[in-house]
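Notes for the structure review
Spelled out from the first residue to the last, the chains are:
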Amino acid sequence: MKKNTNRKQEILQALATMLESAPGQRITTARLAQAVGVTEAALYRHFPSKARMFEGLLDFVEETILVRINRILDEDKQSASRCYKIAQLVLIFAEKNPGISSLLSGEALTGEQERLRTRVNSIFEKLETQFKQVLRERPMREGKSLTENEQILANLITSWIEGQIRQYVRSRFTHLPSTKLPKQWKLLQQTIFDTP
């Protein structure tokens, strides 16, 4: 059973590496099998379809990010700090996983099943919901209001994160999302949290 799990992880790692090394190119199961050193039939023993392989990467994204977001929420009670740490978490995760960033940007999904795009959208929707919840709690926790409705502000932060990931992929992984994070966040923080 352990060997089976290791092989699954090996396949997903190879897929992520291929997404990074050949951005924009369609990945075939034949090329993936060659990269892993197995037959195509062996790939399908671990995953019933290529779409399930992509979903395996998306499962990893959700599990990793959501667990760490919960840790941030447990450790930090200030809304601005929570939002910054969540944004930082997602952007640094994207930066450290270029192949997965290609998947999150949608670039790797050209010609793939629509349900994969829906799944990526769901990840960003969950992220936006998390920001919305943090922002909604601010008046109760800190006795401070926001500059705008929490739904609009949560969408602003999420759109900015998504834009940073897309820019990272478009630059062929040279425009690191973390580079301008502190300065850009400072502007966002003023827009969101600094009420007159």
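You'll find the structure just up there.
Residues numbered from 1 in each chain as written. Predicted model: local features only at pLDDT ≥ 70, side-chain atom pairs only at ≥ 80, totals over all residues. Heavy atoms only, no water.

Focus on the overall build of the chain
Each helix and strand in the chain was counted, giving nine helices and zero strands. Listing every helix and strand of the chain by position from the N terminus yields α-α-α-α-α-α-α-α-α. The principal-axis extents of the C-alpha atoms in the chain amount to approximately 65 × 35 × 25 Å. Counting across all 196 residues of the chain, residues that qualify as buried make up 47%. Nonlocal contacts in the chain, meaning residues at least 24 apart in sequence, comprise 69% of its contacts between residues at least 6 apart. Mean positive and mean negative side-chain charge positions of the chain (30 and 22 charges, respectively) differ by 4 Å. (Helix = DSSP H or I, 4+ residues; strand = E, 2+ residues; numbered from the N terminus. Buried < 20%, exposed > 50% of the residue type's maximum accessible area, 1.4 Å probe, protein only. Contact = heavy atoms within 4.5 Å. Lys, Arg positive; Asp, Glu negative; His and termini not counted. Charge placed at Lys NZ, Arg CZ, Asp CG, Glu CD.)

Topic: empty space enclosed by the protein
In total, this model carries two cavities of 30 Å³ or more according to the counting rule given. Forming the boundary of the largest cavity are V61, E62, I65, L66, I69, V90, L104, I123, F124, K126, L127 and I165. Listing elements by their share of the lining of the largest cavity, those giving two or more residues are helix 4 (50-75) and helix 7 (114-142). By residue number, the principal contributor to the lining of the largest cavity is helix 4, which donates five residues. Partitioning the lining of the largest cavity into residue classes produces ten nonpolar, no polar and two charged. (1 Å grid on protein atoms, 1.4 Å probe; cavity = no way out; pocket = protein on both sides within 12 Å on 5 of 7 lines; lining within 4 Å. Points joined across faces, edges and corners; volume = space filled by probe spheres on them. Nonpolar A, V, L, I, M, F, W, Y, C, P; charged D, E, K, R; others polar.)

As for the nonpolar core
Ranked by size, the top nonpolar core spans 59 residues in total, and within it L32, L104, F131, L135 and I161 carry the most contacts. At ten residues, helix 4 tops the list of elements feeding residues into this core. Those residues within four positions of I161 in sequence are excluded, and the remaining contacts are A87, V90, L91, L127 and F131. (Core = buried A, V, L, I, M, F, W, Y, C linked by side-chain atoms within 4.5 Å.)

Comments concerning the layout of surface pockets
Roughly 220 Å³ of volume is contained in the largest pocket. Taken together, 13 residues form the lining of the largest pocket, with Q13, A16, F60, N97 and I100 sitting closest to its centre. For the lining of the largest pocket, the elements supplying multiple residues, two or more each, are helix 1 (2-21), helix 4 and helix 6 (98-104). Of the residues in the lining of the largest pocket, the class split is six nonpolar, five polar and two charged.

Some words on helix 9 (residues 181-193)
The end-to-end C-alpha distance of helix 9, which contains 13 residues, comes to 17 Å, matching closely the 18 Å that a straight helix rising 1.5 Å per residue would cover. Those residues of helix 9 that are buried lie in contact with helix 5 (79-96), helix 7 and helix 8 (150-170). (Expected span 1.5 Å × (residues − 1).)

Regarding the packing of helix 5 against helix 9
Direction vectors running N to C along helix 5 and helix 9 enclose 145 degrees, while the axes themselves pass 11 Å from each other. In the crossing of helix 5 with helix 9, the sense of the turn from one axis to the other is right-handed. Residues S79, A80, C83, Y84, A87, Q88 and L91 of helix 5 touch helix 9, and the partners they reach there are L181, P182, W185, Q189 and F193. Considering only residue class, the contact of helix 5 with helix 9 consists of nine nonpolar, three polar and no charged. (Axes fitted to C-alpha atoms, helices over the stretch in contact; angles between N-to-C directions. Left-handed = near helix turned anticlockwise from the far one by under 90°.)

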